[in-house]
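Observations on the three-dimensional arrangement
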Amino acid sequence: MKTQKKISMNSFLYILNGVETPIYSGTLHFWRTPARGWNERLRDMKDAFCNTVDTYIAWNWHEPQEGKFDFQGKTDPRRDLEGFLELVEKNGLYAIIRPGPYICAEWLNGGIPGWLLRDHPEILAKNSEGKSMPLDVFYPPVTYLHPTYLAYVEKWYDKVCEVLRNHLYTNGGCIISVTIDDEPSYWETLYHPLMSDYNEIVIGTESKPGIYQRWLKEKYRDVNLLNKKYYANYSSFNEVKPPRKMPKHYRELPLFIDWNHFKLYMINVYSERLYRMIIDRGINVPLSILDPYLEWWNMEAWPRFQQFCKERKLELAQWTEFWPTFHRSFDFKEDKIGSYIAYKLGIYRPLMKKASTPPLSIETQAYLAHHIEPDEAELLYLSILAYGINNINYYLMIGGENPRGYGCHTGKTWDIGCPIALDGERRPHFDIIKRLGQFLKVHGVRLAHAETVADIAVGYYEPYGACRLFGDTLDYGFKESLQNAYGQYFLGDTGLLNLLSMSGVNFDMVDLQSMSIEELLQYKQLWVFALDFMDENIQRKLVEFVKHCGKLVTLPGTPYLNENMERVDIMKELYPAKLVSPVRAKKLERLVPFFAVNAEDIEEMVVKDYIRNFELTDETPIAWDSRTKKPCAYRRKFGEGNATLIGFKIQYFPSFHDFHRRFIQHVLNLDDVERLTCAENMDLLVVERRGEGYSYLFVLNPIGLPVKSKVSFTDPSNDKRKTIPRF
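Here is a short report on the structure shown in this document.

**Some points on the sheet that holds strand E14 (residues 451–452)**
In space, the 3 strands of this open sheet follow the order E14-E27-E28, with antiparallel pairing throughout. Sheet topology places E14 and strand E28 (695–700) at the edges, where each strand pairs with a single neighbour. Most of the contacts of helix H13 (residues 429–448) go to E28, to which it runs at about 115 degrees, and overall it touches strand E27 (685–690) and E28.

**A few points about helix H10 (residues 302–311)**
Inspection of H10 places Trp 302, Pro 303, Phe 305, Gln 306, Phe 308 and Cys 309 among the buried residues, and these make up the whole buried set. Turning to H10, the residues buried within the fold contact helix H9 (253–280), strand E8 (287–290), strand E9 (316–322), helix H11 (337–355), strand E15 (456–460) and strand E16 (507–511). Lys 313, located one to two residues past H10, shows a positive phi value of around 55 degrees.

**What to know about the pattern of salt bridges**
Taken as a whole, this structure holds 40 salt bridges when the rule is applied. Here Asp 54 ties to Arg 98 by a salt bridge, and the two come within 3.0 Å at their closest N and O atoms. Of the two residues, Asp 54 is situated in strand E5 (residues 52–56) and Arg 98 in strand E6 (residues 94–98); the sequence distance between them amounts to 44 residues. Asp 54 sits in the buried class, given a relative accessible area of 0%. Judged by relative accessible area, which is 0%, Arg 98 ranks as buried. The shortest N-O distance in the salt bridge between Glu 536 and Arg 540 comes to 3.0 Å. Here Glu 536 and its partner Arg 540 are both found in helix H18 (residues 536–547), 4 residues apart, which amounts to about one turn of the helix. A network of salt bridges, in which partner residues are shared, links Glu 40, Arg 41, Asp 44, Asp 47, Arg 426 and Lys 434.

**Some words on the environment of Cys 309**
Among the secondary structure elements, Cys 309 is positioned in helix H10. Owing to a relative accessible area of 4%, Cys 309 belongs among the buried residues under this scheme. Considered as a pair, Cys 309 and Val 269 are 40 residues apart in the sequence and their alpha carbons are 9.8 Å apart. Residues in contact with Cys 309, not counting those within four places in the same chain, are Leu 314 and Leu 316.

**Notes on H13**
Its 20 residues give H13 an end-to-end C-alpha distance of only 24 Å, which falls more than 12% under 28 Å, the value for a rise of 1.5 Å per residue. In H13, a bend of some 60 degrees at Val 442 exceeds every other bend along the element. The secondary structure elements touched by the buried residues of H13 are strand E4 (24–27), helix H1 (38–47), helix H12 (374–386), strand E11 (391–395), E27 and E28.

**Some points on the packing of helix H5 (residues 147–165) against H9**
One can describe the packing of H5 onto H9 by two numbers: an axis separation of 10 Å at closest approach and a directional angle of 30 degrees. Classed by the angle they form, the pair H5 and H9 counts as roughly parallel. As H5 packs across H9, the resulting crossing turns out to be right-handed. Residues Tyr 149, Leu 150, Val 153, Glu 154 and Tyr 157 of H5 form the contact with H9, whose participating residues are Tyr 270, Arg 273, Leu 274, Met 277 and Ile 278. When its residues are assigned to classes, the contact of H5 with H9 shows 8 nonpolar, no polar and 2 charged.

Conventions adopted
- Residues numbered from 1 in each chain as written.
- Predicted model: local features only at pLDDT ≥ 70, side-chain atom pairs only at ≥ 80, totals over all residues.
- Heavy atoms only, no water.
- Pairing = 2+ DSSP bridges.
- Helix = DSSP H or I, 4+ residues; strand = E, 2+ residues; numbered from the N terminus.
- Contact = heavy atoms within 4.5 Å.
- Axes fitted to C-alpha atoms, helices over the stretch in contact; angles between N-to-C directions.
- Buried < 20%, exposed > 50% of the residue type's maximum accessible area, 1.4 Å probe, protein only.
- Salt bridge = Lys/Arg side-chain N within 4 Å of Asp/Glu carboxyl O.
- Expected span 1.5 Å × (residues − 1).
- Bend = angle between axes of the 7 residues up to and from the residue.
- Parallel < 35°, antiparallel > 145°, perpendicular 65-115°, else oblique.
- Left-handed = near helix turned anticlockwise from the far one by under 90°.
- Nonpolar A, V, L, I, M, F, W, Y, C, P; charged D, E, K, R; others polar.

Printed below as a string of structure tokens:
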């Protein structure tokens, strides 16, 4: 007889029967692996010090025909979910179960049954022309909140949860978490504003309003407030229609931003519906979800999901993932550290702390690359630990093959560089995973209670991320190409974030919309990448931040519009210097010019696109345009703090002279920002995770070449500065 056990979670780890336990896991798709090999593959995972196995459950695999379910392997041994979970328990492993309804997984329809899509075409999402995607595309998108779809999901959950209940950790079984859906993002169409969802239940009809109109009414209350923002003249919310063509003027952006936020709202509501369905079916282990809104374009919107969970009292752990590449060489080096790892975890880390849920990477890339070099795999896995992940699942740990007719993207094969091949061969990065498992078995709990230390903060403004979806902003009146500025110069492989990281600067990402002035003042310096528009309240917050002793660095300019696309001059209080002449970004990369900047001990540092020249009065110049000799960056005292404006887009550009990284250090020095940990050679990165009286130093070599350096750090036991003389 199984013994009942307790499970809970905190901001660091899962707590199993009173014991904090780091999750070290790998994905094994039992339905892609021959049943006769399940036991041996589970033992291989234990040999890598894994304590958990992760798997999806594909709806269309277990209900191939409507109403005909198989969880015992009667029609195919690979459908024996019951038998697989029993083997997991016999091997002393925990299990993470992901029953969808949508699972992605490079699997036919992402797990949604073909019979459901064929027999109920009304559930399919529609584009701006009122058409659904053809069923032969990968993952045809469904309208999440369509009542017919949700009714079938309930039937699926009825059956699958009946199996899962017998194997819950709380009932003496192996299942410690159940995940709802997978990366809910309208089947990856969220990033195409006109691709979804124009289903009638969403946008309404002439006679009946839809979810969209009801959402607008709840958001604005008064239609006149909406009219002011949209430059419209509606008499009721029922008249409002979503956009059907891309914007032609920046005054249309509030409509498009709302349309994007509305779709995020539908994902939130859908997630709540699934959450409550599973809870109602007796699943009493922690529930989880992977990257709501997906990761590529909407990470900045994650605070919206967390706020929704808080308001709706959803105890739902948000997990994340790390995919440096797809279907090509693994290629994880210096250009991914700041722009991907530090950026993503800089957003994710503080959100998990506030939510009191453990940071976990459920899909840490271990396959789907031509070849995975052990040194680059080790760099990825150590980097995510350094920047705040406490629990790791490797996806995909075990290679397999697809049952006939069910594969998507990969045909029959399902072994593309997995650490453990279909035949059991162990590939080179298996040893990296095993070695890291040994480390976490000893240090995992202590490491989890040590926080990643940030030298500075970088502010982000969520609507910038949304606007990247709406075409090139230069086409409708902006001075800046938001897509290029944000996507290339801020987030890109050679952008500002990567420059900061590769300059040895560790940073937190802070949400400018929700972060208070008091919270911002905890940082030694705040960097803000500011474009044409920004919420008025945020602009005022930044002014007050500096006035109350804050140190602000703004680049490459200041916003001149508010969130309603009305002209404002709020930031002129901080930055009063006049422009010598206006600048406008170039649209085509081939036409982007190269310029040069001079600064202290820096001569002709290359920058692209434009340089803003300023006429100064009592401000202090810190950089000059090498052509005009005019100041192009300056700082000034304001209130109790300092404000620095950099009038160009600085990028990561390592060279013999290393001017760009030296300029970053110069800007830090102006505000007396001392890095708590650093390497003398900036090619070596040092990231500290600090606990009470102890620290872990992660020394990373992202360039992959031999590097020698001194490493300096502050001893957490006595606050004294110490140096490792040779690393």
